[in-house]
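Read off the chains here:
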Amino acid sequence: MPMRILAFETSCDETSVALVECSGTLRQAQGRNLRFRVLENIVSSQVAIHRPFGGVVPNLAKREHQLNLPKIWEQLKKKKIRFDLIAVTVGPGLEPALWAGIEFAKKLSQETDKPLVGANHMEGHLFSNWLPLIGKVSSGGGSASGGKSKKEKVKSAVIKFPAIALVVSGGHTILLKMDSLTKWKKLGETRDDAAGEAFDKVARLLGLQYPGGPEVERFAKNGNPKAIDFPRPMLRDKSYEFSFSGLKTSVLYYHRDNPKTSKEDICASFQQAVIDVLVGKTMRAAEEFGAGSVLLSGGVAANQALRKNLELKTKNFGLDFYVPDFQYNTDNAVMIAAAAYIAKLRGKKYPMRANSNLSL
Ligand code: KG4
Ligand code: ZN
């Protein structure tokens with residue numbers, strides 16, 4: 001019996017609500033029979049509200065979520081949606097923002113008499129690789145990079161294990177080895193700034209607007225990635241740890257000492273340095289652990305140059321490459337429904353309180 005999950009995501013600056021029909025069990029071949037059918041997917045972005053501050057203001061985010069949630073729920077109520085379970089992100093994220101979602105979901109659970117479960121935002125990013133792809137599926141892998149041609153929804157991915165998963169967001173940079181949908185090991189993560197955070201900070205020091213990642217990418221498109229030889233932190237290091245704070249500082253000094261160098265060249269060169277480190281370490285892990293596939297997800301996975309670089313490298317090595325459909329990289333509640341469903345299948349429960357430090 002499929003299960004309809006109404007999911008809420010308010011960990012940062014997007015208020016998102018989704019209704020997803022989930023089916024399948026873990027028993028059969030590593031989750032090959034999992035299906036997620038997206039029935040509703042609403043994302044209300046607060047970018048314009050936080051832009052004047054150059055970043056997300058937690059209490060403003062909370063207030064906006066508190067305003068948005070009842071409005072979105074009214075819309076859905078009019079459609080007379082049917083659901084079996086409510087899921088809400090409990091962490092990681094900004095605590096006041098998380099609480100806004102949790103409080104709303106608790107109230108709704110009481111009103112509708114439907115059970116409520118907590119979901120892990122990072123599991124959401126990880127499992128977004130199992131969401132249906134919209135657009136063309138390339139041969140071999142399930143890459144939908146670009147995702148521009150909105151064709152038929154195709155079935156969820158059949159992912160070969162072991163898989164190496166790179167999860168890159170504003171708060172996290174994590175490399176995982178997955179043996180199955182329920183068993184994974186963290187190989188490494190960032191020691192300081194996350195990849196997305198580095199994009200945001202570089203954008204800020206160059207005077208580009210928030211959110212920084214997409215802006216740096218936009219400038220990078222017209223720049224030369226070889227113009228400046230920025231450091232590739234920890235690329236040659238044997239561990240699978242990352243560090244991006246030194247790279248950000250290099251950009252700061254370079255910009256200060258070379259004010260005539262174009263922002264386009266700085267962005268392109270910085271972006272290439274980040275990509276070289278992320279792709280280099282991911283491919284080394286894929287080789288070391290004999291991976292069948294490589295998965296990329298999280299907000300930074302929206303970066304087309306990163307997607308293309310990793311796709312190319314995995315193809316050269318004969319590996320399958322997966323990246324979620326474009327809209328499921330940045331924060332969304334569809335991935336939260338998927339995470340809640342998979343957590344339920346594996347019997348994992350999260351306490352119903354905000355936990356900003358939750359990880360994978
Ligand atoms: O996953 P996400 O939406 O939120 C968190 O869980 O943190 O990721 C947001 C991060 C931000 O740091 C943003 O600058 C970055 O993802 N990002 C990008 C791009 N789009 C979003 N970074 C590089 N290139 C992009 N196109
Ligand atoms: Zn996120």
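Look up a bit, the structure's there.
Engineer: Whenever I open this one, the site of ligand 1 confuses me. Can you help?
Structural biologist: Around ligand 1, the surrounding shell holds 17 residues, and the nearest of these are His125, Gly170, Asp200, Glu217 and Asn303. The contact in question runs from an oxygen atom of ligand 1 to an N or O atom on the side chain of histidine 125, over 2.9 Å. Comparing atom positions with the cavity grids shows ligand 1 to sit within the largest pocket. Secondary structure elements with two or more residues in the shell around ligand 1: helix 4 (121-127), helix 5 (195-205) and helix 6 (212-220).

Engineer: How do you make sense of the coordination of the zinc ion (ligand 2) when you look at a structure like this?
Structural biologist: Ideal donor angles around a metal are set by the shape: a four-donor tetrahedron calls for 109.5 degrees, a six-donor octahedron for 90 or 180 degrees. Here the zinc ion (ligand 2) is held by the protein donor atoms His121 (NE2), His125 (NE2) and Asp331 (OD), which lie 2.0 to 2.1 Å from it. Mapping the donors of the zinc ion (ligand 2) onto the primary sequence gives the spacing H-x3-H-x205-D. Placement of both histidine 121 and histidine 125 in helix 4 is noted, with a separation of four residues, approximately one turn of the helix. Across this residue pair, the class does not change: histidine 121 and histidine 125 are buried.

Engineer: Even after reading the chapter, I still don't get the sheet that holds strand 5 (residues 116-120), so can you show me in this structure?
Structural biologist: What links the strands of a sheet is backbone hydrogen bonding, and the strands pair in either a parallel or an antiparallel sense. Pairing within the open sheet is mixed, and its five strands lie in the order 3-2-1-4-5. Of all strands in the sheet, those with a lone pairing partner are strand 3 (35-45) and strand 5, marking the two edges. Within the sheet, the average angular offset between the axes of one strand and its neighbour, ignoring direction, is 25°. Taken together, the four bridges between strand 1 (residues 3-9) and strand 4 (residues 85-91) define a ladder with parallel strand orientation. Paired with isoleucine 5 across the bridge in strand 4 is leucine 85.

Engineer: Help me out: how do you make sense of the sheet that holds strand 10 (residues 320-322) in this one?
Structural biologist: Spatially, the five strands line up as an open sheet ordered 8-7-6-9-10, and their pairing is mixed. Among the strands making up the open sheet, the edge pair consists of strand 8 (184-189) and strand 10. Pairwise comparison of adjacent strand axes, ignoring direction, gives a mean angle of 20° for this sheet. Both strand 9 (residues 293-297) and strand 10 contribute to a ladder of three bridges, which runs parallel.

Engineer: Can you help me understand helix 9 (residues 304-316) in this one?
Structural biologist: At 3.6 residues per turn, the α-helix brings residues three or four places apart onto the same side. Its 13 residues give helix 9 an end-to-end C-alpha distance of 18 Å, which sits within 8% of 18 Å, the value for a rise of 1.5 Å per residue. Restricting attention to buried positions, one finds in helix 9 the residues Leu306, Arg307, Leu310, Glu311 and Thr314. Across the axial projection of helix 9, the buried residues extend over an arc of 125°, all falling on one side. For helix 9, the exposed residues set more than 90 degrees away from the buried face come down to Lys308, Leu312 and Asn316. Structurally, helix 9 contributes buried residues whose contacts are with strand 6 (163-168), helix 8 (263-288), strand 9 and strand 10. Put simply, asparagine 303 is the residue that caps the front of helix 9, since its side-chain oxygen is 3.1 Å from the backbone nitrogen of alanine 305. One or two positions beyond helix 9, positive phi appears at glycine 318, with a value near 70°.

Engineer: Which parts of the structure should I look at to understand the nonpolar core?
Structural biologist: For soluble globular proteins, the rule of thumb is that nonpolar side chains tend to be buried together. One finds Phe244, Phe270, Leu278 and Leu296 to be the most contacted residues of the largest nonpolar core, which totals 46 residues. The set of elements that each furnish at least two residues to this core consists of strand 6, helix 5, helix 6, helix 7 (245-257), helix 8, strand 9 and helix 9. Element by element, the count of residues in this core is highest for helix 8, at 13 residues. When near neighbours in sequence (up to four residues on either side) are disregarded, phenylalanine 270 contacts Ala198, Phe199, Val202, Val216, Phe230, Leu247 and Val251. Ala7, Ala165, Tyr328 and Ala337 belong to the second-largest nonpolar core, a separate cluster that totals 39 residues.

Engineer: How should the packing of helix 7 against helix 8 be read in this particular structure?
Structural biologist: When two helices pack together, their arrangement is captured by the angle between the axes and the distance separating the axes. Between helix 7 and helix 8, whose axes approach to 11 Å, the crossing angle comes to 160°. Comparing the axis directions of helix 7 and helix 8 gives the class roughly antiparallel. Judged by the sense of rotation from one axis to the other, the crossing of helix 7 with helix 8 is right-handed. Together, Leu247, Val251, Tyr254 and His255 of helix 7 and Ile266, Phe270, Ala273 and Val274 of helix 8 make up the contact between the two elements.

Engineer: How should the packing of helix 8 against helix 9 be read in this particular structure?
Structural biologist: One can describe the packing of helix 8 onto helix 9 by two numbers: an axis separation of 10 Å at closest approach and a directional angle of 35°. With respect to the hand of their crossing, helix 8 and helix 9 are arranged in right-handed fashion. Residues Gln271, Gln272, Ile275, Leu278, Val279, Thr282 and Met283 of helix 8 pack against Ala305, Leu306, Asn309, Leu310, Lys313 and Thr314 of helix 9. Partitioning the contact of helix 8 with helix 9 into residue classes produces seven nonpolar, five polar and one charged.

Cut-off values and rules
Residues numbered from 1 in each chain as written. Chains lettered and ligands numbered in written order. Predicted model: local features only at pLDDT ≥ 70, side-chain atom pairs only at ≥ 80, totals over all residues. Heavy atoms only, no water. Near = heavy atom within 4 Å. Polar contact = N/O pair within 3.5 Å; in protein donor to acceptor, adjacent residues only side chain to side chain. 1 Å grid on protein atoms, 1.4 Å probe; cavity = no way out; pocket = protein on both sides within 12 Å on 5 of 7 lines; lining within 4 Å. Sits in = over half its atoms within 2 Å of the grid points. Helix = DSSP H or I, 4+ residues; strand = E, 2+ residues; numbered from the N terminus. Donors = N, O, S within 2.8 Å, 3.2 Å for Na, K, Ca; no water. Buried < 20%, exposed > 50% of the residue type's maximum accessible area, 1.4 Å probe, protein only. Pairing = 2+ DSSP bridges. Axes fitted to C-alpha atoms, helices over the stretch in contact; angles between N-to-C directions. Expected span 1.5 Å × (residues − 1). Arc of directions from axis to C-beta. Contact = heavy atoms within 4.5 Å. Core = buried A, V, L, I, M, F, W, Y, C linked by side-chain atoms within 4.5 Å. Parallel < 35°, antiparallel > 145°, perpendicular 65-115°, else oblique. Left-handed = near helix turned anticlockwise from the far one by under 90°. Nonpolar A, V, L, I, M, F, W, Y, C, P; charged D, E, K, R; others polar.

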